[in-house]
Amino acid sequence: MKLLVTGGAGYVGSVVTAQLLEAGNEVVVLDDLSTGNADAVPAGARLVTGTLRDAAAGVLAGGGFDAVLHFAAMSLVGESMQKPGLYWDRNLGESLALLEAMRAAGVRRIVFSSTAATYGEPESTPILETDPTRPTNPYGASKLAIDTALAEYARLHGIGGISLRYFNVAGARLPEDGDAPGQGERHAVETHLIPNVLKVALGEKDKVTVFGEDYPTPDGTCVRDYIHVVDLGMAHLLALDACRPGGHEIFNLGNGNGSSVREVIEVCREVTGHPIPAEVSPRRAGDPAVLVASAEKIKSTLGWKPERDLRAMVADAWAFIQRRR
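We now turn to the structure provided with this report. These numbers were taken from a predicted model, which means no experiment stands behind them.

## As for the overall build of the chain
Link 1 in the chain: If you tally the helices and strands in the chain, you get 10 helices and 13 strands.
Link 2 in the chain: For the chain, the C-alpha atoms occupy an extent of roughly 55 × 45 × 40 Å along the three principal directions.
Link 3 in the chain: A separation threshold of at least 6 residues defines the contact pool for the chain, and within that pool the share at least 24 residues apart is 78%.

See below:
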């Protein structure tokens, strides 16, 4: 198949691009490189630099595309609270431009990188796809709006869409040949727990901050659902094959089991051999005690299941950092 991957120079997009190439597909990556890295795009994919508004129509008009995998987005929750208009413009506005370009070019399948942030603070866990969506920030709200737009384009224009709602993505893709670094997290502003803990092991930070130790969880710290980026990527390939014009489906992507902040730190200590000092600070406003996904729908419908555990996520992330250094 000939595929367009938007945001393919980013963390998840570059991993999925590599997996698509390994499966024998022809891949064109469209990325404005505002947060992505050109050298993260795997060899074999063609990189087009530009925004969805400016370049998607021209790229798709070239013809022959079978589907789109849409990762391009702004994704910093804190920034979205400070600049909500920017997030609505870039996330929803550019996604609508992409959907219009698809409609004009006759491309009728899209797999969309959505988020668990669409659920907001859940009433219960594990979270089901049928649970209420009440995002608490413009980032999650803009992603939910794209889910809605996909449903409308499916109903009105026959475009088939699948939205994959990620929980906490971690790890890296490490090539089997040589010491090439592969694809992993390289965020200019890092908000994810595992890479921030590993920065302490690298000597880039003095300690890791644990926000709250009085939650109603086994060790008092927040519990989150982590999924390896390679497992996440395989879900996209299955979704691509299952995408049907005229329909829209939503699937959660998680492992169904949570890990606490203290558990993550301890695994990072074991993998790196570094003591990784931790300091407890007060809770952050709006942090739920537990966020865990139910992934039963995608397991039963598409046959997907995660294969890599938390230790593999940390080990691969650590190896990626070492290779890059």
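Now, onward.
## What to know about the packing of helix 2 (residues 52-61) against helix 4 (residues 84-105)
Link 1 in the chain: At a closest axis distance of 9 Å, the pairing of helix 2 and helix 4 adopts a crossing angle of 20°. As judged from the angle between their axes, helix 2 and helix 4 are roughly parallel. Between helix 2 and helix 4 lies a crossing whose hand is right-handed. Contacts between helix 2 and helix 4 involve Leu52, Arg53, Ala56, Ala57, Leu60 and Ala61 from the first element and Asp89, Gly93, Glu94, Ser95, Ala97, Leu98, Ala101, Met102 and Ala105 from the second.
Link 2 in the chain: Broken down by class, the residue content of the contact of helix 2 with helix 4 amounts to 10 nonpolar, 2 polar and 3 charged.

## With respect to the packing of aromatic side chains
Link 1 in the chain: Here the structure, examined in full by the defined rule, presents 0 aromatic pairs.
Link 2 in the chain: Looking at Arg165, its charged tip hangs above the ring of Tyr119, at a distance of 5.0 Å from the centre.
Link 3 in the chain: One residue, Lys297, lies across the ring of Phe251, its end atom 4.9 Å from the ring centre.

## Brief notes about the environment of Trp88
Link 1 in the chain: Among the secondary structure elements, Trp88 is positioned in helix 4.
Link 2 in the chain: Linking Trp88 and Asp32, residues 56 residues apart in sequence, is a C-alpha distance of 17 Å.
Link 3 in the chain: Setting aside residues up to four positions removed in sequence, Trp88 forms contacts with Gly93, Pro138, Ala141, Ser142 and Ala145.

## Digging into the pattern of salt bridges
Link 1 in the chain: Within the structure shown, the criterion is met by 18 salt bridges.
Link 2 in the chain: Note that Arg155 is salt-bridged to Glu152, the shortest N-O span being 2.7 Å. Taken together, the residues Arg155 and Glu152, both in helix 5 (residues 138-157) and 3 residues apart, mark about one turn of the helix.
Link 3 in the chain: Across the pair Arg269 and Glu266 runs a salt bridge, and its minimum N-O distance is 3.3 Å. Placement of both Arg269 and Glu266 in helix 8 (residues 261-272) is noted, with a separation of 3 residues, approximately one turn of the helix.
Link 4 in the chain: Assessed through its relative accessible area of 26%, Arg269 is described here as partly exposed.
Link 5 in the chain: Since its relative accessible area comes to 36%, Glu266 is described here as partly exposed.
Link 6 in the chain: Three or more residues are tied together by salt bridges with common partners; here these are Asp32, Arg53, Asp89, Arg90 and Glu94.

How each quantity is defined
- Residues numbered from 1 in each chain as written.
- Predicted model: local features only at pLDDT ≥ 70, side-chain atom pairs only at ≥ 80, totals over all residues.
- Heavy atoms only, no water.
- Helix = DSSP H or I, 4+ residues; strand = E, 2+ residues; numbered from the N terminus.
- Contact = heavy atoms within 4.5 Å.
- Axes fitted to C-alpha atoms, helices over the stretch in contact; angles between N-to-C directions.
- Parallel < 35°, antiparallel > 145°, perpendicular 65-115°, else oblique.
- Left-handed = near helix turned anticlockwise from the far one by under 90°.
- Nonpolar A, V, L, I, M, F, W, Y, C, P; charged D, E, K, R; others polar.
- Phe/Tyr/Trp six-rings, centres within 6.5 Å; stacked < 30°, edge-to-face > 60°.
- Lys NZ or Arg CZ within 6 Å of the ring centre and 35° of its normal.
- Salt bridge = Lys/Arg side-chain N within 4 Å of Asp/Glu carboxyl O.
- Buried < 20%, exposed > 50% of the residue type's maximum accessible area, 1.4 Å probe, protein only.

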